[in-house]
Amino acid sequence: MPTGSKYMGWWGDMGGPKQKGITSYVVSPMRQAPMRGAFSHWIINGYKRTLQQAPYFVVPIGLGYGLLKWAIADNHLRNSKAGHIQGKFA
């Protein structure tokens, strides 16, 4: 530990007046472990919520998948010999 004429003291023991009104706080156990029980409770609540929200993500994903499948098939037709023979594409 350093010494000398300029040394003020170790942290918390610097020779100043005693501190008053220091408040200490305790963190609740639920704040310390916010995910406690999240997966075990998901079996009941999460399944119901997933089914309630399914139309909001299944329908757009299905439409997007169908659009991509159509676009890929159309691209193959446009760039194939059979597509050029049909004469539909310039």
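What counts as what
Here, residues in each chain are numbered from 1, in the same order as that chain's written sequence. In keeping with the predicted nature of the model, local features appear solely for residues at pLDDT of at least 70, side-chain atom pairs appear and are counted solely at 80 or more, and the whole-chain, interface and lining totals rest on all residues. Side-chain descriptors were evaluated using all non-hydrogen atoms of the structure, hydrogens and water having been removed beforehand. Secondary structure is summarised from DSSP: a helix means a run of H or I of at least four residues, a strand means a run of E of at least two, and numbering begins at the N terminus for each. In this scheme, a residue with accessible area under 20% of its type's maximum is buried, one over 50% is exposed, and one in between is partly exposed, where area comes from a 1.4 Å probe on protein chains only. Accessible areas in this description were obtained via Shrake-Rupley with a 1.4 Å probe; residue shielding takes into account the shown protein chains only. Residues count as neighbours in contact if any of their non-hydrogen atoms are within 4.5 Å of one another. Every residue gets a pLDDT, meaning the predictor's confidence in that residue, from 0 to 100. Take the residue count of a helix, subtract one, and multiply by 1.5 Å to get its expected span. Residues enter patches when they are more than 30% accessible in relative terms and free of salt bridges; like-charged ones are connected within 9 Å and nonpolar ones (Val, Leu, Ile, Met, Phe, Trp, Tyr) within 5 Å. We define a salt bridge as a side-chain nitrogen of Lys or Arg found within 4 Å of a carboxyl oxygen belonging to Asp or Glu.

**Student:** What am I meant to see in the overall build of the protein here?
**Tutor:** Summing up its helical and strand segments, the protein has three helices and zero strands in all. Residues classed as buried in the protein amount to 7% of the 90 residues present. For the protein, the accessible surface area stands at approximately 9000 Å², while carbon and sulfur atoms represent 64% of it.

**Student:** Could you clarify how one ought to interpret the environment of Phe 89 in this entry?
**Tutor:** Looking at the secondary structure, you find Phe 89 in the segment after helix 3 (81-86). A C-alpha to C-alpha distance of 6.6 Å links Phe 89 and Arg 78, two positions 11 residues apart in sequence. Apart from residues no more than four positions distant in its own chain, Phe 89 is found in contact with Asp 74, Leu 77, Arg 78 and Gly 83.

**Student:** I keep staring at the confidence of the model for the protein and nothing clicks. Help me out?
**Tutor:** The predicted coordinates should not be examined in detail at positions where pLDDT is low. When pLDDT is averaged across the protein, the result is 84; 83% of the residues are at 70 or more. Within the protein, helix 1 (residues 29-32) has the poorest average pLDDT of any element, 77, and helix 2 (residues 38-78) the best, 93.

**Student:** Sorry, what's going on with helix 2 here?
**Tutor:** Residue pairs three or four apart in sequence face the same way in an α-helix, which turns once every 3.6 residues. Across its 41 residues, helix 2 extends only 51 Å between first and last C-alpha, which sits more than 12% below the 60 Å expected from 1.5 Å per residue. Residues Gly 46, Ala 54 and Asp 74 constitute the buried set of helix 2.

**Student:** In this structure, what is going on with a nonpolar patch on the surface? I would like to understand it.
**Tutor:** On the surface, Trp 10, Trp 11 and Met 14 cluster together into a nonpolar patch covering about 420 Å² of accessible area. Its location among the elements puts Met 14 in the segment before helix 1. Judged by relative accessible area, Met 14 falls into the partly exposed class, the value being 34%.

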